[in-house]
Amino acid sequence: MYINFNPNDIIHTDEIISDLKTYLNENETKQIFIITDKNCLKLCYPLIKSVFPENQSVFSIEIGEVYKTLEIVTKIWDFLFEKRADKNSLIINIGGGIVTDVGGFSASTFKRGISFINIPTTLLAQVDASVGGKTGINYKGLKNQIGTIAMPEKVFVSPRFLKTLNSDDILSGFGEMIKHALIYNEKHYFELINFIKNEFTEKKIINLSSLINESVNIKIHFVKNDVTENGIRKMLNFGHTFGHALESYFFSKKKPVKHGIAVIYGIICELWLSVKYVNFDKEKFTKIAGELLNIYPKIFIPEDEFNLIFGYMQYDKKNKNNTIQTVLLKDVGFPVIQRVPDKNDIFESLQVLNSLSKENIK
Ligand code: GLY
C-alpha cells in the first residue's frame, strides 16, 4: 500500500479506456477486484467494462450513506478472502465518495493494506473524496468516525461519467468546489459562481473540465505537505463542522441531504461565525450567502432541534478539550482555525441560516 502523496498520480483524462489499459498492462501480474455500487454498475461500469476480462470479479454495494458501515467492509473482506486476494492484488474503486471511502478503507486494512486505485464517477468524488487518501466509514450515526489515510496508487478523473449524474449530485459536487474556492482564491470563486449561475446546464456538465482541474489543484495545495492533517490540510474542513452535523441530523430524521449540499449550509453558518469572530466583511457575507441560497434549496431547522445539531458537533474531529474548533475565514482565501466556545453563537448561526433561507425564497 501507498502512503506518499504524489499529485502526478491524479490523471485527468478524456481517454480513460486507453489510460487504464496502459496502467493495467504495466501492472499485469496483479489480480484485480472491482468495488462499485448498484447505480454505477448499471451506468458507469459499462463505459469502461471493455478494459476488464469477461469474468472480472465485481463487488457492488447498495446505494446510500446508510451502507457506509463496518458490515459492508466485512462483506468486502469476505469477498476478497473467498476470491483469494493477496498482498499483491489491486482493488479498483469505481463510484462516488461512498465507494472510494469504503473501498479504500477495505483495501487499506485487508492484510494490513493492499493497493487500490480510484475511478471517481461523481463530481464530488472527482474534486474531493477520491483525492488525498482519506478513507472511512460512519459509526454510531456520525460521519467518517473510523478510517485510515491510505493513498490510491492512481486516481483517474474522467468527464465521461458526469453525464450519469442527477442535479442533486451535481449540486453536491459544486458544494465542495465552492468550499475550495472560498478557502483559496476569490477569482476562482467568481468564475465558479458565474459558471453555475449563467453557463451551467445538466447537458453542459462535460464543459466543467477546467474548473474540476482547478478545484483538484486547490485540494492538492492543501494536502501535499500535510497528508496526515496536522496543519494546513485542516482548512479543507471549512463548512464541515456544521455540514457534517447537519448531514447527520437530517439523516437521523430520514430526510438525507447530500454531503456537498450540507457543506453549503455549513459554509453559510461558518461564514456568519467568521463575521463575529475574525472580522469577515459583513456585506461580503450577505452577498455570498445570498448567492448560495439562490443556487441551493432553502432550509429550515426547528429551533428546538438546535441542541441536537450542537450534540453532533461535539464529535467533530477538530475539537480540542471538548471545545468546538472550526475553520473560519478572515477573508476569501484566508482560512484560520478558531475556537468557538459559546454555544449561543452556534445557535445564532443556525438562526441566521433559517432567516436568510426565508428571505431568499423567490
Ligand atoms: N475532504 C477533506 C480532506 O480530504 O482533507
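Residues numbered from 1 in each chain as written. Predicted model: local features only at pLDDT ≥ 70, side-chain atom pairs only at ≥ 80, totals over all residues. Heavy atoms only, no water.

### Here we look at the nonpolar core
So, point 1. Ranked by size, the top nonpolar core spans 84 residues in total, and within it Leu 123, Phe 174, Ile 178, Phe 285 and Ile 301 carry the most contacts.
So, point 2. At 13 residues, helix 11 (residues 259-278) tops the list of elements feeding residues into this core.
So, point 3. Those residues within four positions of Phe 285 in sequence are excluded, and the remaining contacts are Ile 268, Leu 271, Trp 272, Val 275, Phe 280, Val 352 and Leu 356.
So, point 4. Counting residues in hydrophobic clusters, the runner-up holds 20 residues, among them Ile 72, Leu 80, Ile 91 and Val 99. (Core = buried A, V, L, I, M, F, W, Y, C linked by side-chain atoms within 4.5 Å. Buried < 20%, exposed > 50% of the residue type's maximum accessible area, 1.4 Å probe, protein only. Helix = DSSP H or I, 4+ residues; strand = E, 2+ residues; numbered from the N terminus. Contact = heavy atoms within 4.5 Å.)

### Overview of the packing of helix 11 against helix 14 (residues 343-359)
So, point 1. Two elements in contact, helix 11 and helix 14, have axes whose closest approach is 9 Å; the angle formed by their N-to-C orientations is 125 degrees. Our classification of the angle between helix 11 and helix 14 gives oblique. The element helix 11 and its partner helix 14 pack so that their crossing is right-handed. Along its contact with helix 11, which presents Tyr 265, Ile 268, Cys 269, Trp 272, Leu 273, Lys 276 and Tyr 277, the element helix 14 presents Asp 345, Glu 348, Ser 349, Leu 350, Val 352, Leu 353 and Leu 356.
So, point 2. For the contact of helix 11 with helix 14, the per-class residue count stands at 10 nonpolar, one polar and three charged. (Axes fitted to C-alpha atoms, helices over the stretch in contact; angles between N-to-C directions. Parallel < 35°, antiparallel > 145°, perpendicular 65-115°, else oblique. Left-handed = near helix turned anticlockwise from the far one by under 90°. Nonpolar A, V, L, I, M, F, W, Y, C, P; charged D, E, K, R; others polar.)

### Remarks on the packing of helix 7 (residues 167-184) against helix 8 (residues 186-199)
So, point 1. Viewed as axis vectors pointing N to C, helix 7 and helix 8 meet at an angle of 150 degrees, and their least axial separation amounts to 7 Å. Relative to helix 8, the element helix 7 is oriented roughly antiparallel. On helix 8, the residues that touch Phe 174, Met 177, Ile 178, Ala 181, Leu 182 and Tyr 184 of helix 7 are Glu 186, His 188, Tyr 189, Leu 192, Ile 193, Phe 195 and Ile 196.
So, point 2. A class-by-class count of the residues in the contact of helix 7 with helix 8 yields 11 nonpolar, one polar and one charged.

### Regarding the site of the ligand
So, point 1. Around the ligand, the structure places Asp 128, Lys 134, Lys 219, Glu 229, Arg 233 and Leu 236.
So, point 2. Asp 128 is positioned with one of its side-chain polar atoms (N or O) 3.1 Å from a nitrogen atom of the ligand.
So, point 3. Side-chain polar atom of Arg 233 to an oxygen atom of the ligand: 2.8 Å apart, as the coordinates give it.
So, point 4. If the ligand stood free it would expose 200 Å²; the protein chains cover 89% of that surface.
So, point 5. The residue inventory of the shell around the ligand, partitioned by class, reads one nonpolar, no polar and five charged. (Near = heavy atom within 4 Å. Polar contact = N/O pair within 3.5 Å; in protein donor to acceptor, adjacent residues only side chain to side chain. Areas by Shrake-Rupley, 256 points an atom, 1.4 Å probe, with all protein chains shown as cover.)

### Brief notes about helix 4 (residues 70-82)
So, point 1. For helix 4, spanning 13 residues, the distance from its first C-alpha to its last is 18 Å, which sits close to the expected 18 Å at 1.5 Å a residue.
So, point 2. Among the residues of helix 4, Ile 72, Val 73, Ile 76, Phe 79 and Leu 80 are the ones counted as buried. Viewed end-on, helix 4 has its buried residues packed into an arc of 115 degrees, placing them on one side of the element. The outward face of helix 4, more than 90 degrees from its buried face, is lined by the exposed residues Glu 71, Phe 81 and Glu 82.
So, point 3. On its buried face, helix 4 sits against strand 2 (32-37), strand 3 (57-61), strand 4 (90-95), helix 5 (97-109) and strand 6 (134-139).
So, point 4. Following helix 4 by one or two positions, Arg 84 has its phi on the positive side, about 60 degrees. (Expected span 1.5 Å × (residues − 1). Arc of directions from axis to C-beta.)

### A closer look at the packing of aromatic side chains
So, point 1. Under the defined criterion, the tally for this structure stands at 11 aromatic pairs.
So, point 2. Relative to Phe 110, the ring of Phe 81 lies with its centre 5.1 Å away and its plane at 65 degrees, an arrangement referred to as edge-to-face. Of this pair, Phe 81 sits in helix 4 while Phe 110 sits in the loop between helix 5 and strand 5 (115-120), and the two are 29 residues apart along the sequence. (Phe/Tyr/Trp six-rings, centres within 6.5 Å; stacked < 30°, edge-to-face > 60°.)

### Looking at the side chain of Thr 122
So, point 1. With respect to the secondary-structure elements, Thr 122 resides in the loop between strand 5 and helix 6 (123-129).
So, point 2. Among the polar contacts listed, one links the side chain of Thr 122 to the backbone nitrogen of Ala 125, at a separation of 3.1 Å.
So, point 3. Once you skip the residues sitting within four places of it in the chain, Thr 122 turns out to touch Gly 95, Gly 96, Gly 97, Leu 162 and Leu 165.

### A closer look at the pattern of salt bridges
Between side chains of opposite charge, pairing is possible as soon as their charged atoms come close.
So, point 1. Throughout the structure, instances matching the rule amount to 18 salt bridges.
So, point 2. Glu 62 is the partner of Lys 38 in a salt bridge, and the nearest nitrogen-oxygen pair spans 3.6 Å. Residue Lys 38 is found in helix 2 (residues 38-43), and its partner Glu 62 is found in the loop between strand 3 and helix 4; the two are separated by 24 residues along the sequence.
So, point 3. A relative accessible area of 37% means that Glu 62 is categorised as partly exposed. (Salt bridge = Lys/Arg side-chain N within 4 Å of Asp/Glu carboxyl O.)

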